[in-house]
Amino acid sequence: MEGAWEIAFVFFQVWLSIVVGLIMLPAMFGVSLGFTDIYIKVLVKTLEWATLRIQRGQKEQAALPSQSANGIIEKDDGSMQEEIGELRRSHPKNLAGGDFTLCDAFYFCKKGIENIVEDQVTQRFTSEELASWNLLTRTNNNFCYISLRLTIIWGLGVFIRYCILLPLRITLAVIGLSWLVIGTILVGLLPSSNVKNWLSDLVHITCYRICARGLSATIRYHNKENRPKKGGICVANHTSPIDIVILANDGCYAMVGQVHGGLMGVLQRSIVRSCPHVWFERSEMKDRHAVAKRLKDHIADKTKLPILIFPEGTCINNTSVMMFKKGSFEIGGTIYPVAIKYDPQFGDAFWNSAKYNMVSYLLRMMTSWAIVCNVWYLPPMTRQDGEDAVQFANRVKSAIAHQGGLVDLSWDGGLKREKVKESLKEEQQKMYSSMIIGSDFNENVNTQQLH
Amino acid sequence: MGSRASSLLREEDIEEIKKETGFSHSQITRLYSRFHSLDKGENGALSREDFQRIPELAINPLGDRIINAFFPEGTNKKYTAREDQVNFRGFMRTLAHFRPVEDNEKNKDLTSGEPLNSRTNKLHFAFQLYDLDRDDKISRDELLQVLRMMVGVNISDEQLGSIADRTIQEADTNGDMCISFSEFTKVLEKVDVEQKMSIRFLH
């Protein structure tokens, strides 16, 4: 009996020293030993081979053609005026008052059915469909059995991910987070000084780096010269809570958010000791002026770290950027836009909060192949004269969407849970009314289109 | 390693739907995925709320009428288990009206007579958008109600009334102050219904 315990203990010591020596220490010094790179390369080769095998297999079986993620239908992009105009062309025109024809309904009908088959919004709240299978069971939506070799590789993958990588990653995550809590509490004991700030930054970055290793994250940063500076506001598109780890691996930010209970609360209370973050009570969040004031005060102090904000307000699936809430753009200050794009081939980073809670989400993250993403720092932007907060927000959103190769949508991410506003329907009705009545209405017509 | 969403869809069902609607195998499986993603309750059927959850449909002035078209009156057990739910076959049957008309179909011999996506059936679909009580006539009242849906608050009752009157006057040939389906068809005979009421499905 004792022998078994001794062996287990030795094993554990070896394990721990491997973790510390090969992963933690390099992480602290920002050095990469290259294991992750090799792993990613092997993975890419394997997935390419798997894709070819699947394609070959599908041709042989003459089964379903490969489901491209191109969409189900091809849509016309005409405006309401154009489409209804075309409809009416063949219809004899009514001369006296009122320009309505029975075929006008065709336009709304067709648009409605098109949206039932495929719409721009609901698809953003579920994981992106992959063009080809990446050997994870969870993404296996439309792929059939192909060959024994593929199944073996898949089985091997399951073993590696669940039995080797998962324990390793959990260990790292635990170490990283504990170190964050302990380190920040210790730093918090020091009096305010440059040394304290420097130590705080070091503790933060080290912990985020360890957490990143805990996800096998490979991050490529572009245009580092545009990195957010103190006194500024960093805005980025939001895909998952991991975004924070991704960004904080290359810089220190002041976080903004609601006060939580539980583990999150512990983290929040400890990190705020070493450097100022902005945590709001739930009641404060409702008062927009109070929120704006606190943020303004923070950025006015040039010694404080740049604020990190996700203006979409909710997680989107990384295929598009949805409406940016104008609150962060009314504060003033310089905005540093950042675009984050994950490569879905290695692991789906999107947090579908309706389907998974935080813990199951993190477990899914840790049992994926890896997290591979690109981060682009965009040149800073400020609000121009004659531009209001909404237009400024849209400008920043377009820049981020363009850089990240994402679709730029003006729909509200809140539609994940809430109903659409009646006012949007009223806009459609107004636009149509102007087509019936004629020139009297044309001056006040909105340019919102029904897509 | 089967498929996830389409494992609930059997091959026999796909074949039957293919015969009834004319969609291809891959189109049916793709539309099944869409059906499945709209079905939040995961009970194999869509309710009106499931449709309303699509924002672009919710802001469509005729959104409610279009959704209603999926829920035919009475319960034909093939398509609806309950009056307020539509299953996948019913879903596909309604969508089938919007398949483009292909030349080789004009000569096909189908069990139900005319294919669902014929010009007549497309016109009938549009007709039913106006015919609220499904009595095969569009009365002045019904036309007014649908017009009101389309224009919201932007046009006065008076103006809308005269628009409705004029439309009925134009179309009504037998003097009953209602528009029947044949009158509806006659008025729109020059409109390119095949193109305007068709959706280009890929693969």
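Every chain's residues receive numbers from 1 upward, in the order its sequence appears when written. Note on labels: chains are lettered from A, ligands numbered from 1, in written order. Residues qualify for local features only when their pLDDT is at least 70, as the model is predicted, and side-chain atom pairs are given and counted only at 80 or more; totals for whole chains, interfaces and linings, by contrast, use all residues. With hydrogens and water excluded, all non-hydrogen atoms of the structure serve as input to the side-chain values.

S.K.: What's the story with the environment of glycine 347 of chain A in this structure? I'm lost.
M.R.: All names here are of chain A. For the purposes of this entry, the term helix denotes a DSSP run of H or I that reaches at least four residues, the term strand denotes a run of E that reaches at least two, and both are numbered from the N terminus. When you line up the elements, glycine 347 lands in the loop between strand E8 (335-342) and helix H11 (358-366). The rule is simple: take the accessible area with a 1.4 Å probe, protein chains only, and divide by the maximum for that residue type; under 20% is buried, over 50% is exposed, in between is partly exposed. Taking relative accessible area as the criterion, glycine 347 reaches 4% and is therefore assigned buried. Between the alpha carbons of glycine 347 and tryptophan 369 there is a distance of 5.9 Å; along the sequence they are 22 residues apart. We call two residues contacting when some pair of their heavy atoms lies within 4.5 Å. Residues contacting glycine 347, with those up to four places away along its chain left out, are Asn134, Ser368 and Ala370.

S.K.: Would you mind showing me how to read the environment of threonine 303 of chain A here?
M.R.: Residue and element names in this part refer to chain A. Within the element layout of this structure, threonine 303 appears in the loop between helix H10 (288-300) and strand E6 (307-309). On the basis of relative accessible area, threonine 303 is assigned to the exposed category, the value being 55%. As a C-alpha pair, threonine 303 and lysine 230 span 73 residues in sequence and 6.5 Å in three-dimensional space.

S.K.: Teacher, can you tell me more about the sheet that holds E8 of chain A here?
M.R.: All names here are of chain A. If you walk across this open sheet you meet the 7 strands as E2-E9-E8-E3-E6-E4-E5, and the pairing is mixed. Looking at which strands have only one partner, the edges of the open sheet turn out to be strand E2 (217-222) and strand E5 (278-280). Averaged over all neighbouring strand pairs, the angle between strand axes comes to 25°, with direction disregarded. Sheet contacts for helix H12 (residues 389-404): strand E3 (233-236), E8 and strand E9 (371-377); angle to E8, the most-contacted strand, approximately 35°. Pairing between strands is defined by DSSP: at least two bridges between them are needed. To obtain each axis, a line is fitted to C-alpha atoms, and for helices this fit is confined to the stretch in contact; angles are then taken between N-to-C directions over 0 to 180 degrees.

S.K.: What's the story with the UniProt feature "domain: Phospholipid/glycerol acyltransferase" (unreviewed entry) in chain A in this structure? I'm lost.
M.R.: Under the present numbering, the feature "domain: Phospholipid/glycerol acyltransferase" (unreviewed entry) in UniProt falls on residues 232-343 of chain A. Secondary structure content for residues 232-343 of chain A is 34% helix and 22% strand, while the C-alpha to C-alpha distance between its ends is 28 Å. UniProt positions are given in the numbering used here, feature names are shortened, and annotations may be inferred rather than shown by experiment.

S.K.: Which parts of the structure should I look at to understand the packing of aromatic side chains?
M.R.: In this description, an aromatic ring pair is defined by two values, namely the gap between the centres and the angle between the planes. Residues and elements named next belong to chain B. The criterion for an aromatic pair is that two Phe, Tyr or Trp rings (for Trp, the six-membered ring) have centres within 6.5 Å, with stacked assigned to planes under 30 degrees apart, edge-to-face to planes over 60 apart and tilted to the rest. Taken as a whole, this structure holds 19 aromatic pairs over all chains when the rule is applied. Look at phenylalanine 35 and phenylalanine 91: their rings are 5.3 Å apart centre to centre, the planes differ by 55°, and that puts the pair in the tilted class. Of this pair, phenylalanine 35 sits in helix H2 (residues 25-38) while phenylalanine 91 sits in helix H6 (residues 88-96); the two residues are 56 residues apart in sequence, bridging distant segments of the chain. Their ring planes at 35° and their centres at 4.8 Å tell us that phenylalanine 51 and phenylalanine 70 sit as a pair that is tilted. In this pair, phenylalanine 51 sits in helix H3 (residues 48-52) while phenylalanine 70 sits in the loop between helix H5 (63-69) and strand E2 (85-87), placing the two residues 19 residues apart along the sequence. Here phenylalanine 51 matches phenylalanine 70 in class, with each residue buried. Among the aromatic residues, ring-to-ring pairing joins Tyr32, Phe35, Phe51, Phe70, Phe71, Phe88 and Phe91 into one connected group. Ring-over charges, as used throughout, are those where CZ of Arg or NZ of Lys falls within 6 Å of the ring centre and within 35 degrees of the ring normal. For arginine 48, the ring lying beneath its charged end belongs to phenylalanine 71, and the centroid distance is 4.4 Å. Above the face of the phenylalanine 23 ring, arginine 99 is positioned so that its terminal group lies 5.8 Å from the ring centre.

S.K.: Explain the UniProt feature "domain: EF-hand" (unreviewed entry) in chain B here, please?
M.R.: All names here are of chain B. UniProt's entry tags residues 26-61, 118-153 and 159-194 with the feature "domain: EF-hand" (unreviewed entry), counted in the numbering of this structure. Along residues 26-61 one finds 61% helix and 8% strand; the C-alpha atoms at either end are 32 Å apart. In residues 159-194, the share of helix is 61% and the share of strand is 6%. The end C-alpha atoms are 32 Å apart.

S.K.: Would you explain the interface of chain B and chain A in this entry?
M.R.: It is common to give the size of an interface as the accessible area that goes away when the parts come together. On the chain A side, the residues contacting the 66 residues of chain B number 68 residues. Salt bridges are defined as contacts in which a side-chain nitrogen from Lys or Arg sits within 4 Å of a carboxyl oxygen from Asp or Glu. The salt bridge involving lysine 196 of chain B is made with glutamate 86 of chain A; its shortest N-O contact spans 2.8 Å. Per element, the largest residue contribution to the side of chain B that touches chain A is 8 residues, and it comes from H2 of chain B. Any residue that is not Ala, Val, Leu, Ile, Met, Phe, Trp, Tyr, Cys, Pro, Asp, Glu, Lys or Arg is counted as polar, Gly included; the first ten are nonpolar and the last four charged. Per-class residue counts for the side of chain B that touches chain A are 39 nonpolar, 15 polar and 12 charged. Direction of pairing for strand E1 (residues 73-74) of chain A relative to strand E5 (residues 200-201) of chain B: antiparallel, over a ladder of 2 bridges. Bridge pairing in E5 of chain B places glutamate 74 of chain A opposite arginine 200 of chain B.

S.K.: How should I be thinking about the nonpolar core in this particular structure?
M.R.: A general trend in soluble globular proteins is that nonpolar side chains are found buried together. As used in this record, nonpolar core signifies buried Ala, Val, Leu, Ile, Met, Phe, Trp, Tyr and Cys residues forming a set joined through side-chain atoms within 4.5 Å. Of all hydrophobic cores here, the largest spans 76 residues; its most connected members are Phe100 and Phe106 of chain A together with Phe51, Phe91, Tyr130 and Phe184 of chain B. Element by element, the count of residues in this core is highest for helix H4 (residues 104-117) of chain A, at 8 residues. Here phenylalanine 184 of chain B is in contact with Leu102 of chain A together with Leu123, Ala126, Phe127, Tyr130, Ile138 and Ile179 of chain B, once residues within four sequence places are set aside. Core analysis: the second largest hydrophobic core is formed by 41 residues, Leu215, Tyr221, Cys234 and Met366 of chain A among them.

S.K.: What is the right way to read the confidence of the model for chain B from this model?
M.R.: For chain B, mean pLDDT is 85; residues scoring 70 or higher make up 87% of the total. Per the prediction output, this complex has pTM 0.83; the corresponding ipTM is 0.91. Across the chain, each position has a pLDDT score giving the predictor's confidence in that residue, from 0 to 100.

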